Amino acid sequence: MEDCIFCKIVKGELPSHKVYEDNKFMAFLDIYPKSKGHTLIIPKKHFRWVHDVEPFGEYWQVARKIARAQEKGLSAKWTQYFTHGLIPHAHIHMKPRYEDVQGASMLPDEHLSFSKEEFEVIAAKIRKAF
Ligand SMILES: [Zn+2]
């Protein structure tokens with residue numbers, strides 16, 4: 001879809017810190033991360049909503065692979081998933097969490113900032129953990 005920021009990332013017209021790619025899906029670090037390793041998973045084909053994505057089961061199997069890689073590569077304790085659809089190309093937010101789940105807050109976290117080099121180190125740690 002023209003003028004879609006995520007379609008441009010898929011086509012390589014915009015840069016991303018890629019953590020995963022196969023023939024149907026791609027995952028990269030959120031540039032406005034709310035935790036270290038905050039990743040977005042998108043279908044390469046443009047779908048508006050997460051529940052529109054086909055094949056839906058495969059989409060979530062990729063999410064599981066990424067959660068395991070975040071746990072292993074970044075020593076995350078668990079992963080928080082969320083979807084909200086503010087960017088009109090389906091994406092699942094996967095936010096690695098480093099605190100115990102019992103004490104976790106459901107309130108929004110502050111944005112973190114990382115340099116380009118720090119983003120690349122984080123992405124590489126996830127990529128190596130598959
Ligand atoms: Zn798109």
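Counting restarts for each chain: residues are numbered from 1 in the order of the written sequence. The predicted nature of this model means local features are confined to residues of pLDDT at least 70 and side-chain atom pairs, given and counted, to a pLDDT of 80 or more, with totals for whole chains, interfaces and linings taken over all residues. Values shown for side chains rest on all heavy atoms present in the structure; no hydrogens or waters enter the calculation.

### Examining the UniProt feature "domain: HIT" (unreviewed entry) in the protein chain
Now for step 1: Cross-referencing UniProt, the feature "domain: HIT" (unreviewed entry) maps to residues 5–106 in the present numbering.
Now for step 2: Where helices and strands are cited, they refer to DSSP runs of H or I of at least four residues and of E of at least two residues respectively, numbered from the N terminus. Across residues 5–106 one finds 25% helix and 25% strand; the C-alpha atoms that close the span lie 28 Å apart. UniProt positions are given in the numbering used here, feature names are shortened, and annotations may be inferred rather than shown by experiment.

### A closer look at the side chain of Thr 39
Now for step 1: Examined against the element boundaries, Thr 39 turns out to sit in strand β3 (residues 39–43).
Now for step 2: On the basis of relative accessibility, which here comes to 0%, the residue Thr 39 falls in the buried class.
Now for step 3: Only 2.6 Å separates the side chain of Thr 39 from the backbone oxygen of Gly 37, close enough to count as a polar contact.
Now for step 4: Separated by 3.2 Å, the side chains of Thr 39 and Gln 70 make a polar contact.
Now for step 5: Only heavy atoms matter for contacts: two residues are in contact if any of them lie within 4.5 Å across the pair. With near-sequence residues (within four places) excluded, Thr 39 lies in contact with Val 19, Ala 27, Phe 28, Leu 29, Asp 30, Ile 66, Gln 70, Ile 92, His 93, Met 94 and Ile 126. Partly exposed residues are those whose accessible area sits between 20% and 50% of the maximum for their type, while under 20% is buried and over 50% is exposed, using a 1.4 Å probe and protein chains only. A 3.5 Å cut-off defines polar contacts: any pair of N or O atoms within that distance qualifies, except that in protein one atom must be a possible hydrogen donor and the other a possible acceptor, and neighbouring residues in sequence count only when both atoms are side-chain atoms.

### Considering helix α3 (residues 116–128)
Residues spaced three or four apart along an α-helix point in a common direction, a consequence of the helix completing one turn every 3.6 residues.
Now for step 1: Multiplying 1.5 Å by the residue count of a helix minus one yields the expected span of that helix. Helix length check: α3 (13 residues) gives 18 Å between terminal C-alpha atoms against 18 Å at 1.5 Å per residue, within 8%.
Now for step 2: Residues of α3 that are buried include every one of Phe 119, Ile 122, Ala 123, Ala 124 and Ile 126, and no others.
Now for step 3: Structurally, α3 contributes buried residues whose contacts are with β1 (18–21), β2 (25–29), β3 and α2 (56–74).

### Let's talk about the layout of surface pockets
Now for step 1: Roughly 630 Å³ of internal volume is contained in the largest pocket.
Now for step 2: Using a 1 Å grid laid over the protein atoms alone, points where a 1.4 Å probe fits but cannot get out form a cavity; open sets with protein on both sides within 12 Å along at least 5 of 7 lines form a pocket; any residue with an atom within 4 Å of a point counts as lining. Around the largest pocket, the lining is made up of 31 residues, and of these Asp 30, Ile 31, Tyr 32, Leu 40 and His 93 lie nearest the centre.
Now for step 3: Going through the elements one at a time, α1 (5–10), β2, β4 (78–82) and β5 (92–97) are the ones with two or more residues in the lining of the largest pocket.
Now for step 4: Of the residues assigned to the lining of the largest pocket, the class counts are 16 nonpolar, nine polar and six charged. Grid points are joined across faces, edges and corners, and a volume is the space filled by probe spheres set on the points. Gly falls in the polar group here, along with every residue not listed as nonpolar (Ala, Val, Leu, Ile, Met, Phe, Trp, Tyr, Cys, Pro) or charged (Asp, Glu, Lys, Arg).

### What about the coordination of the zinc ion?
Now for step 1: Listed as protein donors to the zinc ion are Cys 4 (SG), Cys 7 (SG), His 46 (ND1) and His 89 (ND1); their distances from the metal cover 2.0 to 2.3 Å.
Now for step 2: On the accessibility criterion, Cys 4 (5% relative accessible area) is buried. Only N, O and S atoms count as donors, using a 2.8 Å cut-off from the metal and 3.2 Å for Na, K and Ca, and because water is excluded some sites may appear unfinished.

### Here we look at the environment of Met 26
Now for step 1: Structurally, Met 26 is set in strand β2.
Now for step 2: The class for Met 26 is buried, based on a relative accessible area of 1%.
Now for step 3: Residues Met 26 and Ile 9 lie 17 residues apart in sequence; the distance between their C-alpha atoms is 9.4 Å.
Now for step 4: Those residues in contact with Met 26, other than ones at most four positions away along the chain, are Ile 9, Val 10, Ser 16, Lys 18, Tyr 20, Glu 21, Leu 40, Ile 41, Ile 42 and Lys 44.

### Side note on the pairing of β1
Consecutive residues of a regular strand have side chains that alternate between opposite faces of the sheet.
Now for step 1: Pairing between strands is defined by DSSP: at least two bridges between the two strands are required. Sheet analysis places β1 next to β2, joined by three bridges and oriented antiparallel. Across the sheet, residue Lys 18 finds its bridge partner in β2, namely Phe 28.
Now for step 2: From the end of β1 to the start of β2, which pair antiparallel, there are three residues.

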